[in-house]
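Here is how the chains run, residue by residue.
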Amino acid sequence: RWLPPPTVPSCCVLGLLAVTFLQQEKPSRVHILILSSWRSGSSFTGQLFSQHPNVFYLMEPAWHVWTTMHQNTAHSLHMAVRDLVRSVFHCDMSVFDAYMSRGRKKSDLFQWETSRALCSPPACDAFQHSDIITKSHCKTVCSKYPFSTVEQACRLYSHVVLKEVRFFDLKVLYPLLSDPSLNFRIIHLVRDPRAVFLSREKAAPELVRDSDIVVGPKNNQGEMGPYNVMQEICKSHIQIYTEGSQALPSSLKGRYMLVRYEDIVKDPLEKAAELYKFAELGFLQKLQRWVYNITHGKGLGAEAFDTSSRNAVSVSQAWRKSLPFHKIQKLQQVCKDAMELLGYRLLASQEEQKNMTLDLLLSQHPPTRQKPELRTEKSPTALAS
Ligand SMILES: *[C@@H]1O[C@H](CO)[C@@H](O)[C@H](O)[C@H]1NC(C)=O
Ligand SMILES: *[C@@H]1O[C@H](CO)[C@@H](O)[C@H](O)[C@H]1NC(C)=O
């Protein structure tokens, strides 16, 4: 242990100690971005992190950016989205001044009730940090707390995890990757574009405004509208995956991880373990039981993953039964490159589409995941400060 020389006045010793403490502690907070797209299983993946007692989680904070400035393009909003994400990683919630009213409450934050951290102290006194809390329970008892509790809560945790669907280019995030005050990692979550397409068709009305921003209102119209949006989304997956797996400097390579939703569905416990490991979080027994429960149809699942594991696999293939082949063909035309890169087999005929023994999930080339550099500090603990 380092001891101060006896001649240094105690005021300064404390100051020095504080500086040393801050220098050691600051980078040890881990910052994770779940980078995904609409209807791609990111709510479930977000919940894996949100329910962990060491994690402060927010779902799509940049919703506020897009909603406030909806007459812009995704490209022109990139920097505002990036800067909001950076501020939230630093637990600086004053960034929302630009997008929300002064008199805002915690419950004005988009999807606040999906954050377990905003459903437990100091953001709500009805639950404990270690509780598994569903959003409906949270919403009924935790809504009337001031907005300032968001920032207070954030500062308590060793991990800040954000889920976003509003990035289309990894380059926008380079300043965060190289920022020494952040320990920043990206989980890039993708899903078979054909399943995404069907899910988007079902949710079409609630996606209109976002899609207008993605491709422009003109290109979001007519029969080609949905394909134009998917083309943009597929293009962004290629860009992000190529940058993340190949273009990053070697010192940053371990900070990117690609995950396919179908792989999570196939083996939720195994994939959850990998995700937690990447994030340097322990897979607590209680969470293992919870993941098992929600993926095997036992309780609490209705909101995230409400089918049994075996059912979930067939649910994730449901598009093969209900999406007409001519739509599949059209979609494959605009998403072919992304599907080949991410390991989704293209269908050549309606016979192949209906032949359920034909596995459409291929292994990927090249291998997508490097191990994160192991850091030497002790593993982060909950409520460190
Ligand atoms: C898992 O399900 C069992 C049986 O329904 C229940 O008793 C238990 O509390 C659940 N555990 C978790 C962590 O969800
Ligand atoms: C279905 O696909 C499997 C696996 O590729 C193949 O062996 C089988 O012959 C196909 N069945 C039909 C009826 O085409």
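Preceding this paragraph is the structure being described.
Residues numbered from 1 in each chain as written. Chains lettered and ligands numbered in written order. Predicted model: local features only at pLDDT ≥ 70, side-chain atom pairs only at ≥ 80, totals over all residues. Heavy atoms only, no water.

Trainee: Could you give an account of the site of ligand 2, with specific residues and numbers?
Mentor: Taken together, N355, T357 and L358 make up the full set of residues adjacent to ligand 2. A distance of 2.3 Å is found between an oxygen atom of ligand 2 and a side-chain nitrogen or oxygen belonging to N355. Against a free-state accessible area of 360 Å², the protein chains account for coverage of 28% of ligand 2. (Near = heavy atom within 4 Å. Polar contact = N/O pair within 3.5 Å; in protein donor to acceptor, adjacent residues only side chain to side chain. Areas by Shrake-Rupley, 256 points an atom, 1.4 Å probe, with all protein chains shown as cover.)

Trainee: An account of the side chain of E60 is requested, with residue identities and associated values reported.
Mentor: In this structure, E60 sits in the loop between β2 (55–59) and α3 (63–68). Under the relative-accessibility criterion, E60 is labelled buried at 8%. Aside from chain neighbours lying at most four places away, what touches E60 is F110, K163, E164, V165 and R166. (Helix = DSSP H or I, 4+ residues; strand = E, 2+ residues; numbered from the N terminus. Buried < 20%, exposed > 50% of the residue type's maximum accessible area, 1.4 Å probe, protein only. Contact = heavy atoms within 4.5 Å.)

Trainee: Help me get a handle on the pattern of salt bridges, residues and values and all.
Mentor: The full count for this structure, using the stated rule, is 20 salt bridges. Several salt bridges converge on common partners, so that one network encompasses E60, K163, E164, R166 and D210. (Salt bridge = Lys/Arg side-chain N within 4 Å of Asp/Glu carboxyl O.)

Trainee: Account for the side chain of S42, naming residues and giving values.
Mentor: With respect to the element layout, S42 can be found in helix α2 (residues 42–50). Judged by its relative accessible area of 4%, S42 is buried. If we skip the residues at most four places from it in the chain, S42 touches S36, S37, Y57, K163 and L189.

Trainee: If you had to explain the packing of helix α8 (residues 193–202) against helix α9 (residues 204–215) to someone new, which residues and values would you point to?
Mentor: Between α8 and α9, whose axes approach to 6 Å, the crossing angle comes to 105°. When the axes of α8 and α9 are compared, the pair comes out roughly perpendicular. Residue-level contacts link R200, E201 and K202 of α8 to A204, L207 and S211 of α9. Within the contact of α8 with α9, the residues separate by chemical class into two nonpolar, one polar and three charged. (Axes fitted to C-alpha atoms, helices over the stretch in contact; angles between N-to-C directions. Parallel < 35°, antiparallel > 145°, perpendicular 65-115°, else oblique. Nonpolar A, V, L, I, M, F, W, Y, C, P; charged D, E, K, R; others polar.)

Trainee: Tell me about the nonpolar core, and name the residues and values.
Mentor: Membership of the largest hydrophobic core comes to 86 residues, with the highest contact counts inside it found for F56 and W66. It is helix α4 (residues 74–89) that provides the largest number of residues to this core, a total of eight residues. Those residues in contact with W66 that lie beyond four places of it in its chain are W38, A74, L77, V81, R166, F168, D210, I213 and V214. F49, Y57, Y261 and F278 belong to the second largest nonpolar core, which has 28 residues in total. (Core = buried A, V, L, I, M, F, W, Y, C linked by side-chain atoms within 4.5 Å.)

Trainee: Residues and numbers for the sheet that holds strand β5 (residues 256–260), please.
Mentor: Within the open sheet, the five strands sit side by side as β2-β3-β1-β4-β5. Their pairing is parallel. The sheet is open, and its two edges are formed by β2 and β5, each paired on a single side. Ignoring which end each strand starts from, the neighbouring axes of this sheet average 20° apart. The sheet contact formed by strand β4 (residues 184–190) and β5 spans five bridges and is parallel. Each residue of the ladder has a partner; that of H188, found in β5, is L258. (Pairing = 2+ DSSP bridges.)

Trainee: Give me the lowdown on empty space enclosed by the protein, citing residues and values where you can.
Mentor: The tally for this structure, following the rule as stated, stands at two cavities of 30 Å³ or more. If you trace the largest cavity, you find it lined by S37, S40, R191, P193, V196, M230, I233, C234, H237, A338 and L342. For the lining of the largest cavity, the secondary-structure elements that each account for two or more residues are α8, α10 (225–247) and α16 (325–342). Among the elements that make up the lining of the largest cavity, the one with the highest residue count is α10 (four residues). When its residues are assigned to classes, the lining of the largest cavity shows seven nonpolar, three polar and one charged. Put simply, the second largest cavity is a space of about 50 Å³. Lining the second largest cavity, in full, are L35, S36, S37, W38, V165, F167, F168, H188, I233, S236, H237 and I240. Take the lining of the second largest cavity: its biggest share by element is four residues, from α10. (1 Å grid on protein atoms, 1.4 Å probe; cavity = no way out; pocket = protein on both sides within 12 Å on 5 of 7 lines; lining within 4 Å. Points joined across faces, edges and corners; volume = space filled by probe spheres on them.)

Trainee: How would you explain the packing of aromatic side chains if you had to name every residue and give the values?
Mentor: The final tally for this structure, using the stated rule, is ten aromatic pairs. Ring centres of W63 and F110 lie 4.5 Å apart, and the angle between their planes is 5°; on these two criteria the pair is classed as stacked. Here the residue W63 occupies a position in helix α3, and F110 occupies one in the loop between α4 and α5 (135–142), the gap between them amounting to 47 residues. For W63, a relative accessible area of 24% translates into the label partly exposed. When the ring of F96 is compared with that of F147, the centres are 6.0 Å apart and the planes differ by 75°; the resulting orientation is edge-to-face. Placement of F96 in the loop between α4 and α5 and of F147 in the loop between α5 and α6 (148–154) is noted, with a sequence separation of 51 residues between them. For F147, a relative accessible area of 9% corresponds to the buried category. (Phe/Tyr/Trp six-rings, centres within 6.5 Å; stacked < 30°, edge-to-face > 60°.)

Trainee: Describe the state of the cysteines, naming the residues involved and giving the relevant values.
Mentor: Inspection of every chain in the model, using the stated rule, returns four disulfides. C119 shares a disulfide with C138; S-S distance 2.1 Å. Taking the sign of the S-S torsion, about -90° here, the bridge from C119 to C138 comes out left-handed. In this pair, C119 is assigned in the loop between α4 and α5 and C138 in helix α5, connecting sequence segments 19 residues apart. Judged by its relative accessible area of 1%, C119 falls in the buried class. Each disulfide pairs two cysteine sulfurs, and for C124 the partner residue is C142, the sulfurs being separated by 2.1 Å. The sign of the -70° torsion about the S-S bond sets the C124-C142 disulfide as left-handed. (Disulfide = S-S within 2.5 Å.)

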